[in-house]
Amino acid sequence: MAMEITQFLLNAQAVDGNVRKHAEENIRQFQEQNLPSFLFSLAAELANDDKPVESRKLAGLILKNALDAKEQHRKFELAQRWIALDPNAKTQIRAFLLKTLSSPAHDARSTASQVIAKLAGIELPLKHWPELIEALLSNNNQLPAHTRQATLETLGYICEEVSPEVIEQDHVNKILTAVVQGMNSSESNNDVRLAATRALYNALGFAQANFSNDTERDYIMRVVCEATLSPEVKIRQAAFECLVSISSTYYEKLSPYIQDIFTITAKAVKEDEEPVALQAIEFWSSICDEEIDILEEYGGDFTGDSVIPCFYFIKQALPALIPLLLETLLKQEEDQDQDEGAWNIAMAGGTCLGLVARTVGDDVVPLVMPFIEENISKPDWRQREAATYAFGSVLEGPSPEKLMTLVNHALNFMLNALMKDPNNHVKDTTGWTLGRIFEFLHGSTYETPIITQANCQQIITVLLQSMKDVPNVAEKACGALYFLAQGFEDSGSSSTQLTPFFQDIIGALLDVTHREDAGESRLRTAAYESLNEVVRCCTDETAPMVMQLVPIIMNELHQTLEAQRLSSDERDKQNELQGLLCGCLQVIIQKLGSSEPTKYVFMQYADQMMQLFLRVFSCKSATAHEEAMLAIGALAYSTGSDFAKYMSEFYKYLEMGLQNFEDYQVCAITVGVVGDISRALEDKILPYCDGIMTQLLKNLSSNQLHRSVKPPIFSCFGDLALAIGENFDKYLMYAMPMLQSAAELSVQTSGADDDIIEYTNTLRNGILEAYSGILQGFKGSAKSQLLMPHAPHILQFLDSLYMAKDMDDVVMKTAIGVLGDLADTLGGNAAPLIQQCVSSRGFLNECLQSEDNLVKEAGEWAQLAIRRAISF
């Protein structure tokens, strides 16, 4: 087979389907029968310059896929398989790959670079293949430019693949030296210079020590800034991408360079090609993101010992930065509103302007207003649109006091423009700006209302009229209506200014959902989102109108389920519509089912609704399944113990949802719905608990299930234990060891990045919610003593969390709650254990002094429970 590999690879790309199928089968058999020989043959094919380009490229691709996969569990399996491979075969494969980096064929070199990086990802963390980095660095001293280019590309990919602690500092220094040399303006070969610049982008995370050294940092920054002036557009773009990355990774080191960077970025924004100009704008957006985060975290009050001081780069650059950004707004593209994925200089400039407004607040307004006043009525649509875009962009950030007068002055003008401006771009941006006005300056918290008895009718009339406009303008009108309704949602009054127009609004939104062109510009989705928001803000007075909506939406859902013989395109649209209709019914259930006056009448529809939701599960759409499952959760919450009558029919779909590892969001939502049903049915869920617990335990043991589903599964243990009380005893022997091992894992977070810490806190919270539910479920039961053997571990977990000092407030509240639950349920028996643990003192005191009221309340309850247990 090794002899025939070239032919197999060529046939696998043949036009003839039978030839292709036969070749794919041969390749599969070869892999299964003799993996070392198979991988060796692929690497040999890739390295052999006498072989056809097509077979080499596919050989490299199959080799890469034999080492790496997107799914974590598969990735792990492939890594283990490589590690177990015969050492001689591994040595030969590595040698072939390194040899390929010198091949004259670009595709072969590029593929080899990627495969080497995937191997490095497996081997370097285990200290295998220690000579790799040195081999690459010596390669980099070779003369042929294409070998240097491929080597730098490989170093870049390796930095992308492994984490910084895997490569020792001496090697990091040498890699950076090689990369920065390759970027230097003295490098005559553009391919080498581009590969080096892209490699630096990936290597920046490794350069902490180098950026802390003034001389080294100065040198790296000089080379990057020089590369932004290269005659080659791709090199300039890659160099600006490096600057963007530096702005977030090394924000606190930028002071000495910021003036020069402004000059370089301003020149690029004004004069360079779009891909370069976009990155130059992105640099300032990134600086805004950093400063917004710092100011939010520290609340603007900086003391001398503040960890990351804010350098106020944006505030200092304002007088020059704002005119630069306003100029970009005039570079719109003719068709940008029709293209969902559109991104150009004008859009990037507007986005950056919005971030600047959030960073500096009121200071932005006087610098932007003259541009708006000068351009808002100009005959050229570009000027009117740019002025409107500028206005909409600065509505979030400045104080309401600064904006109210301007907005009240502009509102009438905007409403007229939305109706009457001859240009669609202007109308589109006007609709978006009105949405921003309602989003940021309208609601019960504002002293001066923007929506008044005097202007409400005009606003509604204009928005409903604009919903009949072209799809992109109609979509913006729906969006504006969404924020208008949202501002009334928490008004708390029995009637709002929307009440007189409620029927018209619902009618207009339903008309939009039936438009022939509702599939364009997200229009149908926007209409349903607005309808849902209007339902959420309904009052006792308008509830009967929402009740009339129920049979209409149910009938539409019924029709989607009856549709026969659809093309795949029609089927996709149908599935999307089912999801939107289930989502709408969910909102209606939550609204009408939670209010006593409407609940009784509404419940007459419950049986029909449930039947429709169950039919949705027979369609193959993850989105529709998610929405139907969420709607069923809402129905369970509303119907309470009456939901039991649906369980025998619903249970198989519940089980299917819990088994759906592929669409893991469906699985996660189903786990949440098990919680909803547990709360609704209480002990009536008992007949289904064996099946549910078996599946949940299976899910936890599986390495194929996405990790994000595991925390809600632990929470679900708590919900079930609360529902069935002491009957949970038969599951303790399975659930408690799982909780214990997860708890132990969740406190080992040293050196973890922000994402891992965020996930870990979610996991901890799930584990704690499980403990809390189990402890509360056994309260007052003779079987509560079954929990005593687990008390030391639970307390040890709480101590570990307290010592780790990286809990967020949510975990803190749940953790101290568990301490109280343990004292409350186990009473005097647990008192000696509680008194020995650190949590009962230091952690409790910390919670009692917390500024977060929820944490403080949980602390007070725990203190009370502990006192009772100890005195008992």
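Values in this document were obtained by computation on a predicted structure and should not be read as measured data. Here the residue numbers are simple positions, counted from 1 along each chain's written sequence. Reporting in this predicted model follows two pLDDT cut-offs: at least 70 for local features of residues, and 80 or more for side-chain atom pairs to be given and counted; totals over whole chains, interfaces and linings ignore these cut-offs and use all residues. Hydrogens and water are ignored here; the side-chain numbers use all heavy atoms of the structure.

**Structural notes on the overall build of the chain**
Where we set the bar: In this text, helices come from DSSP runs of H or I with a minimum length of four residues, and strands from runs of E with a minimum of two, each type numbered from the N-terminal end. Atoms counted for the radius of gyration: C-alpha only. Globule rule: 2.2 Å times residue count to the power 0.38. Type-normalised accessible area, obtained with a 1.4 Å probe on protein chains alone, sets the label of each residue: buried when under 20%, exposed when over 50%, and partly exposed for intermediate values. Note on contacts: a residue pair qualifies if any of its non-hydrogen atoms lie within 4.5 Å across the two residues. Charge assignment in this entry is limited to Lys and Arg as positive and Asp and Glu as negative, and neither His nor the chain termini are counted. In this description, the location of a charge corresponds to atom NZ of lysine, CZ of arginine, CG of aspartate or CD of glutamate.
Counting its regular elements, the chain contains 42 helices and zero strands. For the chain, whose C-alpha radius of gyration is 31 Å, the value lies close to the compact-globule estimate of 29 Å for 872 residues. Looking at the chain as a whole, 54% of its 872 residues are labelled buried. Across the chain, contacts joining residues at least 24 apart in sequence account for 72% of those joining residues at least 6 apart. Charged side chains in the chain number 68 positive and 117 negative. The centres of these two groups are separated by 4 Å.

**Things to note about the side chain of Glu475**
You can see Glu475 is positioned in helix H24 (residues 471-489). Leave out the neighbours within four places in its chain, and Glu475 touches Ser521, Arg522, Leu523 and Ala526.

**Comments concerning the nonpolar core**
Rules: Throughout this description, the term nonpolar core refers to a set of buried Ala, Val, Leu, Ile, Met, Phe, Trp, Tyr and Cys residues connected via side-chain atoms within 4.5 Å.
Counting residues in hydrophobic clusters, the biggest one holds 305 residues, and the most contacted among them are Val356, Phe650, Phe717 and Phe728. Looking at this core, the element that brings in the most residues is helix H16 (residues 274-298), giving eleven residues. Excluding anything up to four places from it in sequence, Phe650 contacts Met610, Leu614, Phe617, Met629, Ile632, Phe643, Val673 and Ile677.

**Examining the pattern of salt bridges**
Operational definition: One side-chain nitrogen of Lys or Arg within 4 Å of one carboxyl oxygen of Asp or Glu is enough to make a salt bridge.
Following the criterion strictly, the structure yields 37 salt bridges and no others. Between Asp49 and Arg56 there is a salt bridge, with the nearest N and O atoms lying 2.8 Å from each other. Take Asp49: its relative accessible area is 41%, and that puts it in the partly exposed class. Residue classification places Arg56 among the buried residues on the basis of a relative accessible area of 4%. A cluster of three or more residues bridged by salt bridges with shared partners is formed by Asp428, Glu475, Lys476, Arg522 and Glu529.

**Observations regarding the packing of aromatic side chains**
As a reminder, the rule being used: Pairing of aromatic rings covers Phe, Tyr and Trp, the last through its six-membered ring, and needs centres within 6.5 Å; plane angles under 30 degrees mean stacked, over 60 mean edge-to-face, and all others mean tilted. Here, a charge over a ring is recorded when the distance from Lys NZ or Arg CZ to the ring centre is within 6 Å and its angle to the ring normal is within 35 degrees.
The tally for this structure, following the rule as stated, stands at 18 aromatic pairs. Here Tyr251 and Phe311 contribute two aromatic rings whose centre-to-centre distance is 5.7 Å and whose plane-to-plane angle is 50 degrees, an arrangement assigned as tilted. Placement of Tyr251 in the loop between helix H14 (233-249) and helix H15 (258-271) and of Phe311 in the loop between H16 and helix H17 (313-328) is noted, with a sequence separation of 60 residues between them. For the ring pair Phe643 and Tyr646, a centre distance of 5.4 Å and an interplane angle of 70 degrees mean the geometry is edge-to-face. Of the two residues, Phe643 and Tyr646, neither departs from the other in class, the shared state being buried. Through successive ring pairs, a cluster of aromatic residues spans Tyr251, Phe311 and Phe313. Sitting over the face of the ring of Tyr759, Arg707 holds its NZ or CZ atom 4.3 Å from the ring centroid. Residue placement shows Lys805 over the ring face of Tyr802; its charged tip is 3.7 Å from the ring centre.

**Re the environment of Pro36**
Mapped onto the secondary structure, Pro36 falls in helix H3 (residues 35-47). In this structure Pro36 comes out as partly exposed when scored by relative accessible area, which is 28%. As a C-alpha pair, Pro36 and Lys90 span 54 residues in sequence and 8.2 Å in three-dimensional space. The residues touching Pro36, leaving out its near neighbours within four places in the chain, are Leu85 and Ala89.

**Description of unusual backbone geometry**
Positive phi, normally seen in glycine, also occurs at Arg565, with a value near 45 degrees. Along the chain, the position of Arg565 falls in the loop between helix H27 (543-562) and helix H28 (568-592). Backbone geometry at Glu682 places phi at a positive 50 degrees, although glycine is not the residue there. As for its position among the elements, Glu682 is in the loop between helix H33 (664-681) and helix H34 (686-701).

**Re the packing of helix H38 (residues 791-804) against helix H39 (residues 809-826)**
Inclusion rule: The convention used is that axes are lines fitted to C-alpha atoms, helices contributing only their stretch in contact, and that angles between N-to-C directions extend from 0 to 180 degrees. Any angle that falls under 35 degrees is termed roughly parallel, while one over 145 is termed roughly antiparallel, one within 65 to 115 roughly perpendicular, and all others oblique. Note on convention: near helix rotated counterclockwise from far helix by under a right angle means a left-handed crossing. Clockwise means right-handed. Three classes are used, and their members are as follows: Ala, Val, Leu, Ile, Met, Phe, Trp, Tyr, Cys and Pro are nonpolar, Asp, Glu, Lys and Arg are charged, and the others, Gly among them, are polar.
Look at H38 against H39: their axes get within 11 Å of each other, and the N-to-C directions meet at 155 degrees. The angle between the axes of H38 and H39 places the two elements in the roughly antiparallel class. For the pair H38 and H39, the sense of crossing is left-handed. Contacts between H38 and H39 involve Ala791, Ile794, Leu795, Leu798 and Leu801 from the first element and Val811, Ala815, Val818, Leu819, Leu822 and Leu826 from the second. Looking at the contact of H38 with H39 residue by residue, the class counts come to eleven nonpolar, no polar and no charged.

**Describing the packing of H15 against H17**
Put simply, H15 and H17 touch, their axes get as near as 11 Å, and they point 5 degrees apart. Viewed along their axes, H15 and H17 adopt a mutual orientation that is roughly parallel. Facing Ile258, Phe262, Ala266, Val269 and Lys270 of H15, the residues of H17 in contact are Phe313, Ala320, Leu321, Leu324, Glu327 and Thr328. Tallied by class, the residues present in the contact of H15 with H17 amount to eight nonpolar, one polar and two charged.

**So, the environment of Asp821**
Relative to the helices and strands, Asp821 is located in helix H39. Setting aside residues no more than four positions away along its own chain, Asp821 makes contact with Ser772, Leu775, Gln776 and Trp861.

**Examining helix H42 (residues 853-871)**
Just so we agree on the cut-off: For a helix, the expected span equals 1.5 Å multiplied by the number of residues minus one. Each direction from the helix axis to a C-beta atom contributes to the arc, which is the arc of those directions. What qualifies as a polar contact is a pair of N or O atoms within 3.5 Å, subject to a donor-acceptor requirement within protein and to the restriction that residues adjacent in sequence count only when both atoms come from side chains.
For H42, built from 19 residues, the straight-helix expectation of 27 Å at 1.5 Å per residue is met to within 8% by its first-to-last C-alpha distance of 27 Å. Of all the positions in H42, only Val855, Ala858, Gly859, Ala862, Ala865, Ile866 and Ala869 are classed as buried. The buried residues of H42 occupy an angular sector of 130 degrees when the element is viewed end-on, so they sit on one face. Opposite the buried face of H42, by more than 90 degrees, sit the exposed residues Asn853, Arg867 and Ser871. Packing partners of the buried residues in H42 comprise H39, helix H40 (831-836) and helix H41 (842-848). With a side-chain oxygen lying 2.8 Å from the backbone nitrogen of Leu854, the N-terminal cap of H42 falls on Asp852.

Scope: geometric values only; no functional claims are made or implied.
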